[in-house]
Amino acid sequence: MLYAVFDTDNRIVGLSETPVDGAKPVNLRDPDVLAFLSKNDGNSFDPDAFLDQSDKTTIRILEDLIDTLTANHLIRFTDLPEAAQQKLLGRKLARQMVREEDDSGEASGGKDRLENGTTFLSGEDDLF
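Everything quoted here is computed from the prediction, not taken from an experiment.

### Remarks on the overall build of the protein chain
Part 1 of the argument: Regarding its fold elements, the protein chain presents four helices and three strands.
Part 2 of the argument: Counting from the amino terminus, the protein chain carries its helices and strands in the arrangement β-β-β-α-α-α-α.
Part 3 of the argument: Expressed as a percentage of its 128 residues, the buried residues of the protein chain come to 22%.
Part 4 of the argument: In the protein chain, 29% of the contacts between residues at least 6 apart in sequence involve partners at least 24 apart.
Part 5 of the argument: Surface exposure of the protein chain reaches about 9,500 Å², of which carbon and sulfur atoms provide 53%.

### Re the sheet that holds strand E1 (residues 2-6)
Part 1 of the argument: Taken in spatial order, the three strands make up an open sheet running E2-E1-E3, and their pairing is antiparallel. In this open sheet, the two strands that pair with only one neighbour each are strand E2 (12-16) and strand E3 (23-26). Neighbouring strand axes in the sheet, compared pairwise and without regard to direction, differ in orientation by 35° on average.
Part 2 of the argument: One ladder, built from four bridges, connects E1 with E3; its direction is antiparallel. For Tyr3, the partnering residue across the bridge sits in E3 and is Pro25.

### Concerning unusual backbone geometry
Part 1 of the argument: In this structure, Asn10 takes a positive phi of about 65° despite not being glycine.
Part 2 of the argument: Among the secondary structure elements, Asn10 is positioned in the loop between E1 and E2.
Part 3 of the argument: Located in the positive-phi region is His73, a residue other than glycine, with phi close to 60°.
Part 4 of the argument: Along the chain, His73 falls in the loop between helix H2 (47-71) and helix H3 (82-101).

### Describing the packing of aromatic side chains
Part 1 of the argument: Tallied over the full model, the rule gives zero aromatic pairs.
Part 2 of the argument: The cationic tip of Lys24 hangs over the ring face of Phe6; the distance from NZ or CZ to the ring centre is 5.4 Å.

### Digging into the pairing of E1
Part 1 of the argument: In terms of strand pairing, E1 meets E2 through four bridges, oriented antiparallel. In the sheet register, Val5 faces E2, and the bridge partner there is Gly14.
Part 2 of the argument: In textbook terms, the turn of a hairpin is the stretch between consecutive antiparallel strands, and for E1 and E2 this stretch comprises five residues, one of which, Asn10, has a positive phi near 65°.

### Brief notes about the nonpolar core
Part 1 of the argument: One finds Leu2, Ala4, Ile12, Val26 and Val33 forming the largest nonpolar core, which totals five residues.
Part 2 of the argument: Sequence-distant contacts of Leu2, defined by excluding residues within four places in its chain, comprise Leu15, Ser16, Lys24, Pro25, Val26, Leu28 and Val33.

Each value, and the rule that gives it
Residues numbered from 1 in each chain as written. Predicted model: local features only at pLDDT ≥ 70, side-chain atom pairs only at ≥ 80, totals over all residues. Heavy atoms only, no water. Helix = DSSP H or I, 4+ residues; strand = E, 2+ residues; numbered from the N terminus. Buried < 20%, exposed > 50% of the residue type's maximum accessible area, 1.4 Å probe, protein only. Contact = heavy atoms within 4.5 Å. Areas by Shrake-Rupley, 256 points an atom, 1.4 Å probe, with all protein chains shown as cover. Pairing = 2+ DSSP bridges. Axes fitted to C-alpha atoms, helices over the stretch in contact; angles between N-to-C directions. Phe/Tyr/Trp six-rings, centres within 6.5 Å; stacked < 30°, edge-to-face > 60°. Lys NZ or Arg CZ within 6 Å of the ring centre and 35° of its normal. Core = buried A, V, L, I, M, F, W, Y, C linked by side-chain atoms within 4.5 Å.

Set out below in structure tokens:
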């Protein structure tokens, strides 16, 4: 079930998968829900376009999650399938190249570094 929070003009200002104070149950196909999801850009909500657009952000979140899990020794990098290891290492190298090109640090904001300041590829010990 999907729940919507409305403002005083009866426009949706938030959606939740769980009931929250003041939220009413709504249908995903409700025109008001679709309008809210379209982010007021005048276009109707297209789930495929939304997923394509959000893939980059989601991938970065997953990469950071894997970095955190390996840094905290909750998983070993080698526990991942070899194909996943290769993809992650390739993306990590590309992110490192972008970070090096951006001397000001504005593009990446230093988010690709672990809490101890090392990068994921700084040494073999960091991978395990």
